[in-house]
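In case you want the letters, here they are:
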Amino acid sequence: MAEDNENNQDDDQTPGRGPGHGVDVVTKTAPKTKRPSLYKVLLLNDDYTPQEFVVWLLQAVFKRDPEESVRIMQHVHQNGVGICGVYTYEVAETKVAQVMELSRRNQHPLQCTMERE
Ligand code: TYC
């Protein structure tokens, strides 16, 4: 912009555009960024998956520290369901797929789902 006055009051002394005529085109584009939706990744309790496997999984997949992992596992064990983490769609989808694949490979019935926050 050639000049910085808010409403161009003293720009139009001479008719027409061009050098010396002080005509600015002011465009104000609204920021169009939207925050992505977030998804909770939920672990479901069952009677067969070993507690140690769940604690290991929470560290390996969800990068929880050992104490947090025990706390989350115990919460799921006692309440039937618990949150492992909150992520954007594709990250949540990947975590769910990793849990399901690790459970399947180890022959555990552990289930994991995601839910929009
Ligand atoms: N209930 C399981 C047991 O006692 C442990 C467990 C915890 C399983 C959390 C799944 O998401 C789960 N062995």
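Structure: see above.
Fair warning: this is a prediction, and the values are worked out from it, not measured in the lab.

Participant: Outline the site of the ligand, listing residues and values.
Facilitator: Near the ligand you find L43, L44, N45, D46, T49, Q51, V54, M73, V76, H77 and L110, and these make up its full shell. N45 places a polar side-chain atom, nitrogen or oxygen, 2.8 Å from a nitrogen atom of the ligand. H77 is positioned such that a nitrogen or oxygen atom in its side chain is 2.9 Å from a nitrogen atom of the ligand. For the ligand, whose free accessible area comes to 350 Å², the fraction covered by protein is 90%. Taken together, the elements giving at least two residues each to the shell around the ligand come down to β1 (38-44), α1 (51-62) and α2 (66-79). Ranked by the residues each element gives to the shell around the ligand, the list is headed by α2, at 3 residues. Split into classes, the residues belonging to the shell around the ligand amount to 6 nonpolar, 4 polar and 1 charged.

Participant: Give a detailed account of the packing of α1 against helix α3 (residues 89-105), specifying residues and quantitative values.
Facilitator: Interhelical geometry of α1 versus α3 gives an angle of 140° and a closest axis separation of 11 Å. Considering the relative orientation of α1 and α3, their crossing is right-handed. Between α1 and α3, the contacting residues are F53, W56, L57, V61 and F62 on the first element and K95, Q98, V99, L102 and S103 on the second.

Participant: So what's going on with the sheet that holds β1? Residues and values would help.
Facilitator: Pairing within the open sheet is antiparallel, and its 3 strands lie in the order β2-β1-β3. Of all the strands in the sheet, the pair left with one neighbour each is β2 (81-88) and β3 (111-116). In this sheet, neighbouring strand axes are inclined to one another by 25° on average, regardless of whether the strands run parallel or antiparallel. Summarising the sheet, β1 and β3 pair through 6 bridges and their orientation is antiparallel. Bridge assignment links Y39 to a residue of β3, and that residue is R116. Against the sheet, α3 touches β1, β2 and β3, its axis set at about 165° to β3.

Participant: I'd love a proper account of the packing of α1 against α2, names of residues and values included.
Facilitator: Their axes nearest at 8 Å, the elements α1 and α2 cross at an angle of 130°. In terms of axis orientation, α1 runs oblique to α2. Crossing geometry of α1 relative to α2 is assigned as right-handed. Between α1 and α2, the residues in contact are Q51, V54, V55, L58 and Q59 and P66, S69, V70, I72, M73 and H77, respectively.

Definitions and cut-offs
- Residues numbered from 1 in each chain as written.
- Predicted model: local features only at pLDDT ≥ 70, side-chain atom pairs only at ≥ 80, totals over all residues.
- Heavy atoms only, no water.
- Near = heavy atom within 4 Å.
- Polar contact = N/O pair within 3.5 Å; in protein donor to acceptor, adjacent residues only side chain to side chain.
- Areas by Shrake-Rupley, 256 points an atom, 1.4 Å probe, with all protein chains shown as cover.
- Helix = DSSP H or I, 4+ residues; strand = E, 2+ residues; numbered from the N terminus.
- Nonpolar A, V, L, I, M, F, W, Y, C, P; charged D, E, K, R; others polar.
- Axes fitted to C-alpha atoms, helices over the stretch in contact; angles between N-to-C directions.
- Left-handed = near helix turned anticlockwise from the far one by under 90°.
- Contact = heavy atoms within 4.5 Å.
- Pairing = 2+ DSSP bridges.
- Parallel < 35°, antiparallel > 145°, perpendicular 65-115°, else oblique.

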